[in-house]
Amino acid sequence: FFDRFLNMLRIVARSMSTARCRFSTAVGDIFNPTPEHTALRDMLSSFVTNEVDPQAQEHARAEKFNTSLFRKCGELGLLGITVDAEHGGSQMDATAACIVHEELSKSDPGFCLAYLAHSMLFVNNLNFNGSPEQKAKYLPDACSGAKIGGMCMSEPGSGTDVLSMRTTARSDGADWILNGSKMWITNGYINGELGDVFLVYAKTGPLEDTRDISMFIVEKGMPGFALGQQIRDKCGMRASGTAELVFDNVRVPKENMVGPRGKAVVCMMRNLEIERMVLAAMSVGIAARCVDVMKRYSVERKTFGKPISTYGQIQRHLAESYAKYMAGRSYMYKVSNEMDLNKAGQRLDTDGVKLFCTTMGKEVADSAIQVLGGYGYIGDYHVERLWRDSKLLEIGGGTLESQHKNMTREIVAGL
């Protein structure tokens, strides 16, 4: 299976090596605009059924990240899905990234969240913003799964108001000295240990200057870089590690600054656009699994001698859930097919997709629990875990309230 999948990805990388194309939704299937996307989805479906689904419940209950499964993703080329082939990636596009997140989240959104933090927040970010030397040094191990990465943006006192961050970087000879702390960092710890490598945003000017922000590569083992709180007993996404990371006079070589000094806000905003798309894709995957579970259950479960799918109360849940799911899925892939990962300025619809899809996924999971009744409230049918996982998607990558603000600003601009 893995050899077939790996060969498929090599073919995909060769066929798309000239450019990350933007596809018209008028050509082919909006959800699978090319044969390569179809092949990717088909192989992922088999991988999820055979490898991801059987372990999902166990690792969520244990609050443990499945590192061996993660490294299988590396063997299959998934960890560098948008990365240039020369650095070990599959050199695909935003639609391919959405396909991966949708399919993984049908079974294990917690694992997928850790995958997202690594493949999008670290790997994709560095691929589009790093220097040739930085990419050559860090991306091969990140694409193979030898190193697990993440990104540090939020702080204990700055979430949606991220530009008010207080982590600082001070120039000192051949180094930058970082001080501060970051909070809610996915892959901040991996089964009790500090993650391997992170992209860290910090102020390189006065704290009151909200634009003088730079990005740095910080590695485990740098003196002063430490694991703070390990966040446990989360509502959902328990198969991924969330932590506070502390920077106490951490010396970072000058060559570890990513991009020009004070210009990281553009990098941040551009990467937030693909982050919001794949978070939406996770919600679409959750909704797809929940629709499938409640569909099957409603046919098999009988009351008063008839399948419950014959009752209007259940039909409302099924019909409305399917309509919401298809509306969100269609919106998401319409936007992903038009995305250019190398450009910023796609905020309106990337925010719109996240705004609609994340709430949609939660509502569909809630309907699934309602249709299953008591069985939906226990772990056997998975929907209670998917319901708990779905809530984070309305918060992470920018809250729904920040989407309202961002979208309104774009909608009324120029009036």
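Residues numbered from 1 in each chain as written. Predicted model: local features only at pLDDT ≥ 70, side-chain atom pairs only at ≥ 80, totals over all residues. Heavy atoms only, no water.

Undergrad: Help me understand helix α11 (residues 400–412) in this model?
TA: Each α-helix turn comprises 3.6 residues. Residues three or four places apart therefore point the same way. With 13 residues, α11 ought to run about 18 Å at 1.5 Å a step, and its terminal C-alpha atoms sit 18 Å apart, in line with that. Turning to α11, its buried residues are Leu400, Ser402, Gln403, Asn406 and Met407. Buried residues of α11, seen end-on, are gathered within an arc of 150 degrees and therefore sit on one face of the element. Looking at the buried residues of α11, the elements they touch are α7 (264–300) and α9 (347–372). Looking one or two places after α11, you find glycine 414, whose phi comes out positive at around 90 degrees. (Helix = DSSP H or I, 4+ residues; strand = E, 2+ residues; numbered from the N terminus. Expected span 1.5 Å × (residues − 1). Buried < 20%, exposed > 50% of the residue type's maximum accessible area, 1.4 Å probe, protein only. Arc of directions from axis to C-beta. Contact = heavy atoms within 4.5 Å.)

Undergrad: Looking at this structure, I do not really get the layout of surface pockets. What am I missing?
TA: In this approach, a probe sized like a water molecule rolls over the atoms, and the result shows the empty space that is left. Of the voids in this model, the largest pocket is the one considered here, and its volume is about 1,100 Å³. Lining the largest pocket are 44 residues, and of these Ser154, Ile395, Gly396, Gly397 and Gly398 lie nearest its centre. Elements that contribute at least two residues to the lining of the largest pocket include exactly α5 (109–129), β1 (149–152), β3 (175–186), α7, α9, α10 (383–392) and α11. With 6 residues, the top contributor of residues to the lining of the largest pocket is α7. In terms of residue class, the lining of the largest pocket is made up of 19 nonpolar, 13 polar and 12 charged. Space inside the second largest pocket adds up to approximately 230 Å³. Around the second largest pocket, the lining comprises 13 residues; the ones closest to its centre are Glu103, Lys106, Ala288, Arg289 and Asp292. (1 Å grid on protein atoms, 1.4 Å probe; cavity = no way out; pocket = protein on both sides within 12 Å on 5 of 7 lines; lining within 4 Å. Points joined across faces, edges and corners; volume = space filled by probe spheres on them. Nonpolar A, V, L, I, M, F, W, Y, C, P; charged D, E, K, R; others polar.)

Undergrad: Please clarify how the environment of aspartate 29 should be interpreted in this entry.
TA: With respect to the secondary-structure elements, aspartate 29 resides in the loop between α1 (2–15) and α2 (35–62). On the basis of relative accessible area, aspartate 29 is assigned to the partly exposed category, the value being 35%. Polar contacts involving the side chain of aspartate 29 include one to the main-chain amide nitrogen of phenylalanine 31, which spans 2.9 Å. (Polar contact = N/O pair within 3.5 Å; in protein donor to acceptor, adjacent residues only side chain to side chain.)

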